[in-house]
Amino acid sequence: MSFQTILNADLHCHSVVSDGTLTPEALARRAKANGVELWALTDHDEIGGQHRAAAAAQAQGLAYLTGTEISVTFAAETVHIVGLGFDADDAALRQGLHKTRGGREQRAREMADSLAKAGIPGTFEGALKFVSNPELISRTHFARFLVESGVCRETSEVFRKYLTEGKPGYVAHRWANLKDAVSWITGAHGIAVIAHPGRYKFTANEEYALFTEFKAHGGRGVEVITGSHTRQEFVKYAETAREFGLAASRGSDFHSPDESHTDLGTLPYLPGDITPVWELLADRIRK
Ligand code: AMP
Ligand code: MN
Ligand code: MN
Ligand code: MN
C-alpha cells in the first residue's frame, strides 16, 4: 500500500460491541463490498471487538487498524476522541476504557427515571433489549426502544425530542479527561484523533482551546472527512488540520443499515495536500 490521500480508508464505525447493529464480521464484509481499502472498527469506550474485527478483515483481504472512540468531557461538552493503531492488549488503555464505561449503567437508570416522569415508563428494560454488551448501554439503545414502542418514528426524532440537553431524557454525565484519553491511546502506541469537530457546540475560542490542548497532550490527528460534516466543514477542518499541523482522518461513523445516512466507504477522498493519519501508522496496518 502506498500512503497517498487517494485511499478508500474508513476509520470510524460501530458494531454491536457498542451502539452499532452489525457484528464486526458483518461490518468487515460490508466494508469490503463497498470498496474500503483500509478499515478500523471504533466502538465507543470499548475495544472488546478488536480481535474479531482484525480477524474478519484479514479473512476479507482488507487492511486493518485497531480503533476506538473515547467519550471525553471538555469545556462542559462531550467530545469524542478516536484512537487508531494502538496495541489492543495494552493494560492501561483497557483499564481507562473500563473506567470510562463504568458510569453508563447508573446514567441509563437516571435517564429512564427522567423519561418515566415525562410519561414514558419502562425504558431502562426496553433499552436493554437492544444492548449486546452489558457495559455499553448508550442513548442509541434508548432511541431504538422509543422507535420500537411507537413513541417516535425514527431515532433522530428521539434525540431531538428526548435525549439531548434540555430535553426530558437527558442526563448530564462526566466522561474521561482529554489528557487521560489521549495518554491511554498514545501510551498504547496509537495516535489520537479529534472525532467530527463540526458537531460540537463550541465558540471559536473553545474550539481553539480544544485543538491547542489536544496537541499539547500529544494528539496527532483530526477527522476532516466524516459522515457528520457538511461539505463546508470538509473545507473548514482541512484548513484547521493545516493550521495546527494535524494529520487528517476519514470515516463514515456508520452504525446501522437502517439508521445511518452515510454507508461505509462512500465519502469523498481527503484533500490531496494534507497528511493522512495512515501515513503516521504505516507500521501498524495489518494486512
Ligand atoms: P452516548 O455515548 O450514550 O451519549 O450516545 C452517543 C451516541 O448517540 C452517538 O455516538 C450517536 O451514535 C448517537 N447520537 C447522538 N446524537 C444523535 C442524533 N442527533 N441522532 C442520532 N443519533 C445520535
Ligand atoms: Mn454512536
Ligand atoms: Mn462520535
Ligand atoms: Mn462514532
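Bear in mind that the values here come from a model prediction, so they are computed numbers and not experimental data.

Basis of the calculations
Residues numbered from 1 in each chain as written. Chains lettered and ligands numbered in written order. Predicted model: local features only at pLDDT ≥ 70, side-chain atom pairs only at ≥ 80, totals over all residues. Heavy atoms only, no water. Pairing = 2+ DSSP bridges. Helix = DSSP H or I, 4+ residues; strand = E, 2+ residues; numbered from the N terminus. Axes fitted to C-alpha atoms, helices over the stretch in contact; angles between N-to-C directions. Contact = heavy atoms within 4.5 Å. Left-handed = near helix turned anticlockwise from the far one by under 90°. Nonpolar A, V, L, I, M, F, W, Y, C, P; charged D, E, K, R; others polar. Phe/Tyr/Trp six-rings, centres within 6.5 Å; stacked < 30°, edge-to-face > 60°. Buried < 20%, exposed > 50% of the residue type's maximum accessible area, 1.4 Å probe, protein only. Parallel < 35°, antiparallel > 145°, perpendicular 65-115°, else oblique. Donors = N, O, S within 2.8 Å, 3.2 Å for Na, K, Ca; no water. Polar contact = N/O pair within 3.5 Å; in protein donor to acceptor, adjacent residues only side chain to side chain.

Asker: Quick question: what am I supposed to make of the sheet that holds strand β5 (residues 77–84) here?
Answerer: Neighbouring strands of a sheet are bound in pairs by backbone hydrogen bonds; such pairs are parallel or else antiparallel. Spatial strand order, β4-β5-β6-β7-β8: 5 strands in an open sheet with mixed pairing. In this open sheet, the two edge strands, each paired with only one partner strand, are β4 (67–74) and β8 (247–251). Averaged over all adjacent pairs, the angle separating strand axes in this sheet is 40°, with direction ignored. When strand β7 (residues 221–226) meets β8, the two strands line up parallel, connected through 5 bridges. Counted as the bridge partner of Gly221 is Ala247 from β8. Of the strands in this sheet, β4, β5, β6 (191–194) and β7 are in contact with helix α9 (residues 204–216), which crosses β6 at around 175°.

Asker: Sorry if this is basic, but what is going on with the environment of His189 here?
Answerer: Position of His189 relative to the elements: it lies in the loop between α8 (178–187) and β6. Sequence separation of His189 and Ile6 is 183 residues, and the distance between their C-alpha atoms is 25 Å. Setting aside residues up to four positions removed in sequence, His189 forms contacts with Gly85, Phe86 and Arg284.

Asker: What's the story with the packing of helix α1 (residues 24–33) against helix α2 (residues 50–60) in this structure? I'm lost.
Answerer: In a pair of packed helices, the angle between the axes and the distance between the axes together describe the arrangement. For the pair α1 and α2, interaxial distance at closest approach is 8 Å and the crossing angle is 35°. Considering the relative orientation of α1 and α2, their crossing is right-handed. Residues Pro24, Glu25, Ala28, Arg29 and Lys32 of α1 form the contact with α2, whose own contacting residues are Arg52, Ala53, Ala56, Ala57 and Gln60. A class-by-class count of the residues in the contact of α1 with α2 yields 5 nonpolar, 1 polar and 4 charged.

Asker: Looking at this structure, how should I read the packing of aromatic side chains?
Answerer: Two measures describe an aromatic ring pair: the distance that separates the ring centres and the angle between the ring planes. Counted by the stated rule, this structure contains 5 aromatic pairs. Measuring from centroid to centroid gives 5.2 Å for Trp39 and Tyr64, while their planes differ by 65°, and the two rings are edge-to-face. You can see Trp39 sitting in strand β2 (residues 38–39) and its partner Tyr64 sitting in strand β3 (residues 63–64), a full 25 residues away along the chain. Note on accessibility: Trp39 and Tyr64 belong to one class, buried.

Asker: So what exactly am I meant to see when it comes to the packing of α9 against helix α10 (residues 231–244) here?
Answerer: Running from N to C, α9 and α10 point in directions that differ by 45°, and their axes come no closer than 11 Å. When the axes of α9 and α10 are compared, the pair comes out oblique. The handedness of the crossing between α9 and α10 comes out as right-handed. Taking contact as the criterion, the partners of Glu207, Tyr208, Phe211, Thr212 and Lys215 in α9 are, on α10, Lys236, Tyr237, Thr240, Glu243 and Phe244.

Asker: Can you walk me through the coordination of the manganese ion (ligand 4) in this structure?
Answerer: Four donors placed tetrahedrally about a metal ideally form angles of 109.5 degrees, and six donors placed octahedrally ideally form angles of 90 or 180 degrees. Here the manganese ion (ligand 4) is held by the protein donor atoms His12 (NE2), His14 (NE2), Glu69 (OE) and Asp253 (OD), which lie 2.1 to 2.2 Å from it. Along the chain, the residues donating to the manganese ion (ligand 4) fall in the pattern H-x1-H-x54-E-x183-D. The metal-metal distance between the manganese ion (ligand 4) and the manganese ion (ligand 2) is 4.6 Å. Exposure remark for His12: the relative accessible area of 0% places this residue in the buried category.

Asker: Just to check I follow, could you spell out the side chain of Asn133 for this structure?
Answerer: Relative to the helices and strands, Asn133 resides in the loop between α5 (123–128) and α6 (139–148). Polar side-chain contacts of Asn133 include one of 3.1 Å to the backbone oxygen of Val17. With sequence-adjacent residues up to four places away left out, Asn133 is seen in contact with Val16, Val17 and Glu46.

Asker: Mind showing me how you'd approach the sheet that holds strand β1 (residues 9–10) here?
Answerer: Read from one edge of the open sheet, 3 strands run β1-β2-β3, paired in parallel fashion. Two strands bound the open sheet, and with one partner strand each, they are β1 and β3. Pairing analysis gives 2 bridges linking β2 to β3, with the strands arranged parallel. In the strand pairing of β3, Leu38 is matched with Ala63.

Spatial relationships are all this shows, so hold off on functional conclusions.
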